[in-house]
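Chains, contacts and geometry: an overview
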Amino acid sequence: MIVAIDGPAGAGKSTVARNLAGRLGFRYLDTGAMYRALTWLAMREGLPLAEAEPIGELARRNPVVFDDAGRVSIAGADVTAAIRQARIDRMVSVVARHHDVREVMRERQRDLGHQGNVVIEGRDIGTVVAPDAEVKIYLQADPDIRARRRQAERPDIGADALATDLRARDKLDRERMQPAEDAVLIDTTDLEVDDVVTRIEALIRERALTTQ
Ligand code: DC
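Figured I'd write up the structure that's included with this text. Keep in mind that what you see is a predicted model, and the values were worked out from it rather than measured.

Relative to the helices and strands, Arg123 is located in the loop between β6 (118-122) and α6 (125-129). Other than its neighbours up to four places away in sequence, Arg123 contacts Asp6, Gly7, Pro8, Ala9, Lys13, Arg169, Asp173, Arg176 and Met177.

Quick look at the structure:
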């Protein structure tokens, strides 16, 4: 079974998806980490991030690898911590926009996603990567709350700068952020992580029963 969890930054995707995967004993695939790892590598190589061809080529030559503990590597480097830096937050949407990059990532995500039960989180999972997912969730939340949640993860950045970064990223990501028509929308503004996970678990049980 594939459970797709899409939504904007700060809506709670990662925490919810990771917890859900833990509870269900499913694998967890963080597709944002793949775009982040590629951005890290492109910056290390000093490539022009806005140019499609060199970045697409870099993506083709350097698959992102996840180990069983969820650590992320690219080109032989463990980038698990580095990809959460603010400089990556700011540039990742520029890299993720390239058609060539998306094609490479999509194929890899499909391969990784079709190896048994998995929770996949991203922006375009329910629409593009896994339109066949049995359960599709779209998480959303009030922009102030989203900025506040990001602030907790990035204590080194000022609240105003963070809210500005988030708005800029939303704008760039928007074309890929549409919920699938058959996605269930959950607003996490006033919900605890456990409540969201429990709600999704109930949906999964319901789906499993109706598709038997
Ligand atoms: O979820 P995140 O913040 O780690 O995602 C990082 C960026 O990657 C995000 O700004 C948009 C992009 N992304 C994407 O375009 N498609 C995905 N499936 C996942 C992430």
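Before going further, it helps to spend a moment on the nonpolar core. Counting 37 residues, the largest nonpolar core has Leu38, Trp40, Ile74 and Val79 as the members making the most contacts within it. Going through the elements one at a time, β1 (2-6), α2 (31-44), α3 (52-61), β4 (72-74), α4 (86-96), α5 (99-113), β6 and α6 are the ones with two or more residues in this core. Per-element tally for this core: the top contributor is α2, with 8 residues. Judged by nonpolar contacts, the second largest core, of 18 residues, contains Leu20, Phe26, Ile137 and Ile204.

Taken together, the side chains of Asp142, Asp144, Asp187 and Asp190 present a region of like negative charge at the surface. Residue placement: Asp142 occurs in the loop between β7 (135-140) and α7 (143-153).

Close to the ligand lie 16 residues; Arg36, Arg123, Asp124, Arg169 and Asp173 are nearest. Contact distances for the ligand include 3.0 Å between a nitrogen atom and a side-chain N or O atom of Thr31. Expressed as a share of its isolated accessible area of 450 Å², the protein-covered part of the ligand is 98%. Contributions of two or more residues to the shell around the ligand are made by α2, α4 and α8 (159-173). Counting residues per element, the shell around the ligand draws most heavily on α2, at 4 residues. In the shell around the ligand, the residues fall into 3 nonpolar, 4 polar and 9 charged.

Rules of the game
- Residues numbered from 1 in each chain as written.
- Predicted model: local features only at pLDDT ≥ 70, side-chain atom pairs only at ≥ 80, totals over all residues.
- Heavy atoms only, no water.
- Helix = DSSP H or I, 4+ residues; strand = E, 2+ residues; numbered from the N terminus.
- Contact = heavy atoms within 4.5 Å.
- Core = buried A, V, L, I, M, F, W, Y, C linked by side-chain atoms within 4.5 Å.
- Buried < 20%, exposed > 50% of the residue type's maximum accessible area, 1.4 Å probe, protein only.
- Patch = residues over 30% accessible without salt bridge, like charges linked within 9 Å, V, L, I, M, F, W, Y side chains within 5 Å.
- Areas by Shrake-Rupley, 256 points an atom, 1.4 Å probe, with all protein chains shown as cover.
- Salt bridge = Lys/Arg side-chain N within 4 Å of Asp/Glu carboxyl O.
- Lys, Arg positive; Asp, Glu negative; His and termini not counted.
- Charge placed at Lys NZ, Arg CZ, Asp CG, Glu CD.
- Near = heavy atom within 4 Å.
- Polar contact = N/O pair within 3.5 Å; in protein donor to acceptor, adjacent residues only side chain to side chain.
- Nonpolar A, V, L, I, M, F, W, Y, C, P; charged D, E, K, R; others polar.

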